[in-house]
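Close look at the chain arrangement
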Amino acid sequence: MTSADTVTTLQRIANLLRIDSIEATQASNSGHPTSCSSMAEIVSVLFFDVMHYDPKDPRNPAADRFVLSKGHCAPILYAAWAQAGAFPVADLKNLRKIDSDLEGHPTPRLNFIDVATGSLGQGLGFASGMAYAGKYFDKSDYRVYCVLGDGECSEGSVWESFAFASFYKLDNLCAIIDINRLGQSDPTPLQHDLETYRKRVDAFGWHPIIVNGQDVSQLLAAFKEASETKDKPTCILAKTFKGSGLKGIENELDWHGKPLGDKADELVANLRKLVNEESLVRPAIKKIVAKVPEIKKDKEIKLSTPPNYDGKKEIATRLAHDGDTKNSTYSIKFHDAFPKRFVECYIAEQNMVQVAIGIATRQRYTAFVHTFAAFLLRAADQIRMGAISFTRVKYVGSHAGVSIGEDGPSQMALEDFAFFRTVPHIVCFYPSDAVSAERAVELAANYDGAVYIRTSRPNFPILYKNDEVFQIGKAKIIVESSNDVCTIVGGGVTLHEAVKASEKLKAQGKAIRVIDAFTVKPIDRETILKSANATHNRIIVVEDHYLEGGLGEAVMAALADQADIKIIHLAVQEVARSGKSAELLSKYGIDAEHIVNAVEKLL
């Protein structure tokens, strides 16, 4: 096929993708056909000339990657995969139906989607993670492409990703901004000010290329230039028009997120004349040429060396394990041991989570994200989208609760479990000593899904033998006797306070049972209920967390069908302040003394 023929064919395919997008959104009576139309040439050129991939093996680890950051344009992405042969084109009319995986925004329920998008501003971070893995872990030649909308470039997370990608010289990454000028209800801030876009991208260390995004020849040249650019990522700034190719709709406001209604038939008829599908010869998809190393995974990941503590020294759970906090979280220990497997993301937690999710795609690598638990919450939406992506990323949050002491409330995670417990299928660990912390990491690495591990700043005594066996969803009884009058459930610092309380009460002739929850989700209902029944149906839950959403509510939800059990819940109930750890535990009613008082109240 000559160069002129290639251009003509790709333009015809672009119009075919417009038709598919219109018809799919007409069938569902919802969707974004005008936003799809502005990027039709971009998608046509990428899928039918530039990218190396296999429609029948879309998750081949050596294939080029594509991320649609502007996820509302899912119909044209689905159309490209269908026209490439991944599934029947007729299925496109099942868009947004409850029994179809062609959802309103893309998710990995489809085998050709790596990450869920649609919460704008995240796709470039996911793509950066993929590109980082390709360049530094796989050491492969596959490339990563990401299409962003101009409106989402108002999101700060986008620019965190721009900074990350240039810092790590990800020249295997190409972003394309579809600058179609119009947002949902108003024009975008810069509209078609391409020069300001160019200056911004250039200032972030990328190679900018300005093109007419509806000109196939310019796009082909730009992607070739991107593939030849070394030591910096490329950003193609594509000037387009929303509703491009749709007469009477192109570049007009008030068409965002709407099917074309009674205008559709005439517009499709006009596009069909341009496509002339009967004579259209689709170019062959470019074969995968990159190579990736084979990764042999053990059936079970084990600690390289088992815990080895003599019990004489108190150790913080944060130490027994990043966003530029590695000398506080102690992930610096991992960095020193395995520098090539450590990805420093600096103070950009949203991008850090996005990068981890990107690295973890195609299940070649297990990614742990580590920073202060309070700062993980800045990336709550990224973690939420990770769940929709069915990610296996493991989140580790340190410096939880008032027990961190003098740093004060801005550094104290007191709402972390309230968020993480809502994440579908996640496991939430709360280790209380160094042995259980190491085992939590081991269990997390083997769990087929996302994990949150909450670690603490204070030094704790060793509670367990080095060979203690831990399981997800199984609590540990730390203190018990045959005449316990009450069960205390705790985790982290409050577990140790409960042990102290048991010693004080023992001196008064009262015995209590103390349970280490270990996992807050799933909670060990069986052990807690059995202990409650054995201790006169009395439970005290004590936690270094706000009253809402944490360990207490997990226990109460588990026992909601038990009318006879009396529960007292000790938790932090106001905005905390700076102070010494012991002072704060006392001030907010979660230390040993308050546990003793609560037991006496129950009795």
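Right above here is the structure, for reference.
A brief structural summary. (Residues numbered from 1 in each chain as written. Predicted model: local features only at pLDDT ≥ 70, side-chain atom pairs only at ≥ 80, totals over all residues. Heavy atoms only, no water.)

**Considerations on the pairing of strand 9 (residues 451-454)**
Both faces of strand 9 are covered, namely the face carrying Val451 and Ile453 and the face carrying Tyr452 and Arg454. Here 4 bridges tie strand 7 (residues 394-398) to strand 9, and the two strands are oriented parallel to one another. Bridge assignment links Gly397 to a residue of strand 9, and that residue is Arg454. Two elements, strand 8 (residues 427-429) and strand 9, share 3 bridges in a ladder whose sense is parallel. Counterpart to Val427 in the pairing with strand 9 is Val451. Each parallel crossover has a hand, and the one from strand 8 via helix 16 (residues 434-446) to strand 9 is right-handed. (Buried < 20%, exposed > 50% of the residue type's maximum accessible area, 1.4 Å probe, protein only. Helix = DSSP H or I, 4+ residues; strand = E, 2+ residues; numbered from the N terminus. Pairing = 2+ DSSP bridges. Right-handed = clockwise from strand over helix to strand, strands pointing away.)

**A closer look at the sheet that holds strand 12 (residues 513-516)**
Spatially, 5 strands are ordered 10-12-11-14-15 in an open sheet, and the strand pairing comes out mixed. Single-partner strands in this sheet number two, and they are strand 10 (476-479) and strand 15 (566-572). The sheet shows a mean angle of 25° between the axes of neighbouring strands, taken without regard to direction. Both strand 14 (residues 538-546) and strand 15 contribute to a ladder of 6 bridges, which runs parallel. Across the sheet, the residue bridging to Ile539 is Ile567, located in strand 15. Strands in contact with helix 17 (residues 493-507) are strand 10, strand 11 (487-490), strand 12 and strand 14; relative to strand 12, the strand with the most contacts, it is inclined by about 165°. Running over the sheet, helix 18 (residues 525-534) touches strand 10, strand 11, strand 12 and strand 14 and is turned about 175° from strand 12. (Axes fitted to C-alpha atoms, helices over the stretch in contact; angles between N-to-C directions. Contact = heavy atoms within 4.5 Å.)

**A short note on the packing of helix 5 (residues 123-137) against helix 6 (residues 156-167)**
Contact geometry of helix 5 with helix 6 gives a least axis separation of 8 Å together with a crossing angle of 20°. The angle between the axes of helix 5 and helix 6 places the two elements in the roughly parallel class. Relative to helix 6, helix 5 is oriented so that their crossing is left-handed. Between helix 5 and helix 6, the residues in contact are Leu124, Gly125, Ser128 and Tyr132 and Val158, Ser161, Phe162, Phe164 and Ala165, respectively. (Parallel < 35°, antiparallel > 145°, perpendicular 65-115°, else oblique. Left-handed = near helix turned anticlockwise from the far one by under 90°.)

**Points about the sheet that holds strand 8**
Taken together, 5 strands build an open sheet; the order of strands is 6-7-9-8-13 and the sheet is mixed. Each edge of the open sheet is held by one strand with a lone partner, namely strand 6 (368-372) and strand 13 (519-521). When the angles between neighbouring strand axes are averaged without regard to direction, this sheet yields 20°. Strands strand 6 and strand 7 of the sheet are contacted by helix 12 (residues 349-359), whose axis makes an angle of about 165° with strand 6.

**A short note on the packing of aromatic side chains**
Tallied over the entire structure, the rule returns 30 aromatic pairs. Both rings, one in Tyr464 and one in Phe470, keep their centres 4.9 Å apart while their planes meet at 85°; by these two values the pair is edge-to-face. Like Tyr464, the residue Phe470 is buried in the burial classification. Site record: aromatic cluster; members linked through ring pairs are Tyr132, Tyr136, Phe137, Phe164, Phe167, Tyr168, Tyr346 and Tyr365. The ring of Tyr142 is capped by Arg65, whose NZ or CZ atom sits 3.9 Å from the centre of that ring. When the ring centre of Phe338 is taken as reference, the NZ or CZ atom of Arg341 above it lies at 4.3 Å. (Phe/Tyr/Trp six-rings, centres within 6.5 Å; stacked < 30°, edge-to-face > 60°. Lys NZ or Arg CZ within 6 Å of the ring centre and 35° of its normal.)

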